[in-house]
Amino acid sequence: MTRRVLRALALLLFVTAAAVPLSAHVGSPDVFFEGTAGSYRVLVAISAPAVVPGVAAINVRVLDGSPHEVQVVPLKLTGPGAQFAPVSDRAARSDVDPQTYTANLWMMESGAWQVRITIDGDRGTGQVSVPVDALASRTLAMDRGVALVLLPIGLFLVFGFVAIVGASVGQAQADPGQAIAPARVRRARIARIVAFGVALLVLFLSNKWWDLEAQAYDEKIYKPLALQPQLDERGWLQLRLQDPGWLKFRVLDDLVPDHGHEMHLFAVRTPALDTLLHLHPQQHANGGFSRMLPKAPAGTYRLFADVVHATGLPETAVADITLPAIDNNPPVDDDSEASEPAATPVDPNRLTATLTDGGVMTWERERGSLKAKQPYLLKFRVDEGNGTPARDLLPYMGMPGHAIVLRRDLSVFAHVHPFGTAPMASMALASGDASDPHAAQMSMSMTMPMPTAPEALPPTVSFPYGFPREGDYRLFIQVKRASGVQTGIFDVHVD
Amino acid sequence: MSSLAVPEALPAERTRAATSATAAAAVPWYVWTALFGVFSGVVGAHWDISWHRSIGRDAFWTAPHIAIYLKGVLAGITFGYLILSTTFARRDATDVVTIWGLKGPLGAFIGAWGGVMMLASGPFDNWWHDAYGLDVKILSPPHVMLLFGAHAVTFGTIALVMGLRGRGNAQQRQALLLPLFLLGGFTLVEFMILEMEYIRLTLMHSAEFYRAVAMSVPGILAMYWIMSGHRWACTRVAGIYTAFLLLMQWGLPLFPAEPKLGPVYQHLTHFVPNGFPLLLIVPAIAMDLVLRATNAASRNRWLVAAIVGPLFVIVFFLAQWPFASFLMSPLARNAIFGSHYFSYFTVPTSYGATYRFYAVEPSTMEFWRVMAMALVIAPISARLGLGIGQWLVRIKR
């Protein structure tokens, strides 16, 4: 393709690229974590509050050891609010599973939080902090039951008010025993009419005020960063993050590296979800990123751009872009590209995926569908083509694997690691000295379940995750082998 | 109520001691129960606000909530009893009003209406928290509904007392002064709670603060002056307000409390009180003197209001402005003045925590514009207070 054609195309694409606003970890606000608290292995599920201030539901499953007591406490992830902890809450032991503990915690402000979990038991005391984002996502409409209770009371109050005002200027001022003079009766009638008018006016103004309050609240509802993608004439993707206006603490000049990259960009070809590009655009200006596109088929791609703020707040910006066939070099550095072998039907019961290097990835689970809102450890095994377990798995950006979860209609997107859904940068802030994000960055290697030398990892990798709602999902499971990054593509139905 | 009221008149030769004993008896039991409800309400409200500032986490069955709802319960029992007993046991009573076939003193109807309002705010507030999150402010629509209902219960109690005074003899009128002044002090406390977001220490060098105070206090004081006919009514009412707030200011920090909500920005171990009382007593004294001098009860009420309104603002400004400077100084950071108490959620860099005044008005011009508004609003408030007071004086049932 000549440069001129490319430039014209790029211009056209810039105009048609639509920014689609959705929230961080799109449609999948709950947090899942698997890791260790001291000598205890835990699986934690936190359902983030939908209103702020609001309640987060904490579920801690202690996978080994015998806990006596589990305590949970919420703190901000960074800043002065991370210094003093409120009184811890004792989590309640589940009647069904004695290893599971649950608690509810209030989160009073929007932003990045952490839940500090302390376990006491036969293996001593263990502690771990799990990052959670409190982002208001909705308001409720008036419940019919509440309305049915309030409406008659409201009518009683209005007519009661009218009657009392009437009595107060009429009967009440007459001497005891004295008949009510016609003048007073007349005055009472006028007073009742005026009182009714006043009541209507008060109701009208209250309704206006209610609207204003609701509007003020709507302004607190999370608005994700906007993303403007554009293909330039060199075949590079140019990205611009823009703040559509939300709470003041969100800025664009505070992005911190997550696995060594300031942005993780996932481009998935729609509607088939048959091609995934996992790229790492570099920031050249505040909110301005670019990256060379690797070889990729033409089509419309949904872009999910993951970034992490210095406060520990992760965000996912979303946009669509239509690309011509890209004929560049294969992916470089940590970038990767995965395409589904042509004409593979969507099959939620297919539990194996052939890798491009001849290996096979197997999803170790029962056939059939999974359940929504249920924490799972999604487990995958990599074998050589001849069936022997793979012995050459390497850390991919410091992780044994990366899972990308997409609902078929793209309303859910989650980027999950073996320790869970929180980005590594937020995890580092939660586990380190939270008042100093740089110190936290330094300490993360101590707490992350990853080897420091590139020696071979076990052939299985697991991801703690719960699907937010029913539907058909596609999973891209990425691992790194001696042959390069390999991606297993799986489908699953969730009830 | 004749069955509950005292004998028509007392022989003049009775001793002073006997008089005071009978005077106590001249106040029927239901005035005391209703008054205790009002007291419980203001204690509960201050305690609850302190709870939110110190512990944070809320539940329905907290002690301060019980104190607040006790007001509704006592109102329900007292006013409900008055209405039902009159309707069914004294069908021929003539010292009552009839509403929807029910008979009872006007104050009982107002108070019962307020009780219903208080109760109705409960489910509304619950829904509000589900929809918009826990409100960290006082003035949300369901809270205003609760406060309005609570005010109506107080107002009903005032009307009840005024009805008794309206048809009582001199002795009874005298005996009912104490409940009336207590009600006055609690009314001031209630209004100051309503305006709490506008009258905090950091705003005391802004005109908005003076405007907020000018809106309610001159009216309340004038109302009680007219209602009681007492030469020191304003002073007494402001004195009860001051005593009550000092009790809260010095009492609350004696009880342990620690935050159960994050983020926690201030380390604290005891309940934080809600601030030193405003120096309302100073302009109250001035109002008493001027109201007496102008012979307010018999004069043109607009004229009287036009004098005492601005007088209130000016005297209050002269007293509170320097006192606010003192409260911001290190000298006030002790158990007496309590400027060192902060909510657990007070950010360390905030105006309050760094002892700085926040200027609401961006310019001097704007400051004086709002101040001028305060000078206009105060007489309107005073006139309203005189009017409502005069109307309550005329209540006989």
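All values derive from a computational prediction rather than experimental measurement.

Conventions adopted
Residues numbered from 1 in each chain as written. Chains lettered and ligands numbered in written order. Predicted model: local features only at pLDDT ≥ 70, side-chain atom pairs only at ≥ 80, totals over all residues. Heavy atoms only, no water. Contact = heavy atoms within 4.5 Å. Buried area = accessible area lost by both parts, 1.4 Å probe. Salt bridge = Lys/Arg side-chain N within 4 Å of Asp/Glu carboxyl O. Polar contact = N/O pair within 3.5 Å; in protein donor to acceptor, adjacent residues only side chain to side chain. Helix = DSSP H or I, 4+ residues; strand = E, 2+ residues; numbered from the N terminus. Nonpolar A, V, L, I, M, F, W, Y, C, P; charged D, E, K, R; others polar. Patch = residues over 30% accessible without salt bridge, like charges linked within 9 Å, V, L, I, M, F, W, Y side chains within 5 Å. Areas by Shrake-Rupley, 256 points an atom, 1.4 Å probe, with all protein chains shown as cover. Axes fitted to C-alpha atoms, helices over the stretch in contact; angles between N-to-C directions. Parallel < 35°, antiparallel > 145°, perpendicular 65-115°, else oblique. Left-handed = near helix turned anticlockwise from the far one by under 90°. Buried < 20%, exposed > 50% of the residue type's maximum accessible area, 1.4 Å probe, protein only. Core = buried A, V, L, I, M, F, W, Y, C linked by side-chain atoms within 4.5 Å.

Chemist: Pulling in residues and values, what's your account of the interface of chain B and chain A?
Modeler: With 49 residues of chain B in contact, the opposing surface of chain A contributes 49 residues. Approximately 4300 Å² of surface area, both sides summed, lies buried where chain B meets chain A, with 71% of it carried by carbon and sulfur atoms. Counting every contact that joins chain B to chain A gives one salt bridge. A:Asp175 is the partner of B:Lys396 in a salt bridge, and the nearest nitrogen-oxygen pair spans 3.8 Å. Inspection of the region where chain B meets chain A yields 11 residue pairs in polar contact (both at pLDDT 80 or more). Elements that contribute at least two residues to the side of chain B that touches chain A include exactly strand E1 (97-99), helix H4 (106-132) and helix H5 (141-167) of chain B. Of all the elements, H4(B) adds the most residues to the side of chain B that touches chain A, at 15 residues. A class-by-class count of the residues in the side of chain B that touches chain A yields 31 nonpolar, eight polar and 10 charged.

Chemist: How would you summarise a nonpolar patch on the surface if you had to cite specific residues and measurements?
Modeler: Among the surface-exposed residues, A:Leu151, A:Leu155, A:Phe156, A:Phe159, A:Phe196, A:Leu200, A:Leu203 and B:Trp100 lie close enough to one another that they form a single nonpolar patch of about 820 Å² accessible area. Listed by contribution, the elements that provide at least two residues to the nonpolar patch are helix H2 (144-169) and helix H3 (182-220) of chain A. Residue placement: A:Leu200 occurs in helix H3.

Chemist: So what's going on with the packing of helix H2 (residues 29-54) of chain B against helix H9 (residues 233-251) of chain B? Which residues, and what values?
Modeler: All names here are of chain B. Two elements in contact, H2 and H9, have axes whose closest approach is 11 Å; the angle formed by their N-to-C orientations is 40°. The angle between H2 and H9 places the two elements in the oblique class. Our pair here, H2 against H9, has a crossing hand that is right-handed. Note on element contacts: H9 touches H2 through Phe-244, Leu-245 and Met-248, opposite Phe-39, Val-42, Val-43 and His-46. Residues belonging to the contact of H2 with H9 are distributed by class as follows: six nonpolar, one polar and no charged.

Chemist: Can you lay out the pattern of salt bridges for me, pointing to particular residues and giving the numbers?
Modeler: Residues and elements named next belong to chain A. Inspection of every chain in the model, using the stated rule, returns 27 salt bridges over all chains. Among the salt bridges present, the one from Arg-250 reaches Asp-243, with a minimum N-O distance of 2.8 Å. A relative accessible area of 33% places Asp-243 in the partly exposed class. Bridged by salt links that share partners, the residues Glu-340, Arg-350, Arg-408, Arg-474 and Asp-491 form one connected network.

Chemist: An account of the nonpolar core is requested, with residue identities and associated values reported.
Modeler: Core analysis: the biggest nonpolar cluster contains 156 residues, and A:Ile117, B:Leu278 and B:Leu280 have the highest contact counts within it. If you tally residues by element for this core, the top one is helix H8 (residues 207-228) of chain B, at 15 residues. If we skip the residues at most four places from it in the chain, B:Leu280 touches B:Leu188, B:Met192, B:Val213, B:Val217, B:Ala238, B:Tyr241, B:Phe312 and B:Phe316. Ranked by size, the runner-up nonpolar core spans 30 residues in total, among them A:Leu378, A:Ala403, A:Val461 and A:Val494.

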